[in-house]
Amino acid sequence: MNKHFLTIAVLLMLSTPALAEAAADLEVTASGPSSVDVYQDATYTFTVSNIGNRNAKYVTLDIMLPETRTSPNVYVMGTISGYSNKCTLYDTLLSCYLGRVKKTKSKSITFTMALPYSTAPLTFDAVATTRSNENSLANNELSYTATPQTINTAVNAPVDVINTRCVGTNLT
């Protein structure tokens, strides 16, 4: 009888599909306006979703804001005028503590920013981290590019102008 029991047990193990490890799985998404003018305030939203089958604890979302191409000091490229109280701004890094994100739930942060004209992409790089185990880290990072629109303005020369923005050579 043990021989038959063992055979049945082996057959059951072979026919049972492997179950995914029980763990959190963070995913980052972002949204912003489809069209916004240069130096116009716009609201950007970054969301961390837990698509795993366990809660994620001690979740942090770090967003690298667009940077100036200046040296020796680097600044935020644009003006950030408001952000979630879950966040702290460190130079060009907006770091947001989200705490626990329950399985199948999400948490979002928003901030308001006016972006300048730039020949280089104005990119926000976001990374979500947790101290909990995760099935996949592949969707923890996201690059979001904003594209502020310029306004064509006809100017008849000669015109005196004052530049109130960053000046120099080879700056974008």
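Shown above is the structure to which this text applies.
Please read these numbers as outputs of a predicted model, since none were measured by experiment.

Novice: Would you mind going over the nonpolar core in detail, with residue names and values included?
Specialist: Of all hydrophobic cores here, the largest spans 31 residues; its most connected members are Tyr-44, Phe-46, Leu-61, Ile-63, Phe-111 and Phe-124. For this core, the elements supplying multiple residues, two or more each, are strand S1 (26-31), strand S2 (41-50), strand S3 (56-64), strand S6 (93-101), strand S7 (106-114), strand S8 (122-129) and strand S9 (141-146). With residues near it in sequence (within four places) discarded, Phe-111 still touches Ala-42, Thr-43, Tyr-44, Phe-46, Ile-63, Leu-65, Ile-80, Gly-82, Tyr-83, Leu-94 and Phe-124.

Novice: Outline the side chain of Thr-68, listing residues and values.
Specialist: Along the chain, Thr-68 falls in the loop between S3 and strand S4 (79-83). Here Thr-70 takes part through its side chain, which lies 2.8 Å from a polar atom of the side chain of Thr-68. Once you skip the residues sitting within four places of it in the chain, Thr-68 turns out to touch Asn-73, Val-74, Tyr-75, Val-76 and Met-77.

Novice: Account for the pairing of S8, with residues named and values stated.
Specialist: Residues Leu-122, Phe-124, Ala-126 and Ala-128 of S8 are buried on one face, while the alternating residues Thr-123, Asp-125, Val-127 and Thr-129, pointing to the opposite face, are not. Taken together, the five bridges between S3 and S8 define a ladder with antiparallel strand orientation. Counterpart to Asp-62 in the pairing with S8 is Val-127.

Novice: How would you summarise the sheet that holds S9 if you had to cite specific residues and measurements?
Specialist: One open sheet holds the five strands; their spatial order is S5-S6-S3-S8-S9, and the pairing between them is antiparallel. The two strands at the open ends of the sheet, each matched to only one other strand, are strand S5 (87-90) and S9. Strand-to-strand twist in this sheet, taken as the mean axis angle between neighbours without regard to direction, amounts to 20 degrees.

Novice: Describe the side chain of Thr-47, with residues and values.
Specialist: In this fold, Thr-47 is placed in strand S2. Within the local environment of Thr-47, its side chain forms a polar contact with the side chain of Ser-108, the two groups lying 2.7 Å apart.

Novice: How would you sum up the environment of Val-59? Please name residues and give values.
Specialist: Summarising the element assignment, Val-59 is placed in strand S3. Classification of Val-59 by relative accessible area gives buried; the value is 0%. Taking the C-alpha atoms as reference points, Val-59 and Arg-131, 72 residues apart in sequence, are found 7.2 Å from one another. Ignoring sequence-local partners within four residues, the contact set of Val-59 consists of Leu-26, Val-48, Cys-96, Tyr-97, Leu-98, Gly-99, Val-101, Thr-129 and Thr-130.

Novice: Just give me the short version of unusual backbone geometry, but keep the residues and values in it.
Specialist: Omega for the peptide link from Ala-157 to Pro-158 comes to -10 degrees, which places this bond in the cis form. Mapping Pro-158 onto the fold places it in the segment after S9. Phi angles above zero are rare outside glycine, and Thr-104 is one such case at about 65 degrees. Secondary-structure assignment places Thr-104 in the loop between S6 and S7. You can call Thr-104 exposed: its relative accessible area is 63%.

Novice: An account of the sheet that holds S1 is needed here, citing residue identities and associated values.
Specialist: A sheet is described by the order of its strands in space; here four strands give the open sequence S1-S2-S7-S4, paired in antiparallel fashion. Of all the strands in the sheet, just S1 and S4 have a single pairing partner and so form its edges. For this sheet the average axis-to-axis angle between neighbouring strands, irrespective of direction, equals 25 degrees. Direction of pairing for S4 relative to S7: antiparallel, over a ladder of four bridges.

Rules and cut-offs
- Residues numbered from 1 in each chain as written.
- Predicted model: local features only at pLDDT ≥ 70, side-chain atom pairs only at ≥ 80, totals over all residues.
- Heavy atoms only, no water.
- Core = buried A, V, L, I, M, F, W, Y, C linked by side-chain atoms within 4.5 Å.
- Buried < 20%, exposed > 50% of the residue type's maximum accessible area, 1.4 Å probe, protein only.
- Helix = DSSP H or I, 4+ residues; strand = E, 2+ residues; numbered from the N terminus.
- Contact = heavy atoms within 4.5 Å.
- Polar contact = N/O pair within 3.5 Å; in protein donor to acceptor, adjacent residues only side chain to side chain.
- Pairing = 2+ DSSP bridges.
- Axes fitted to C-alpha atoms, helices over the stretch in contact; angles between N-to-C directions.

Purely geometric numbers; function is a separate question.
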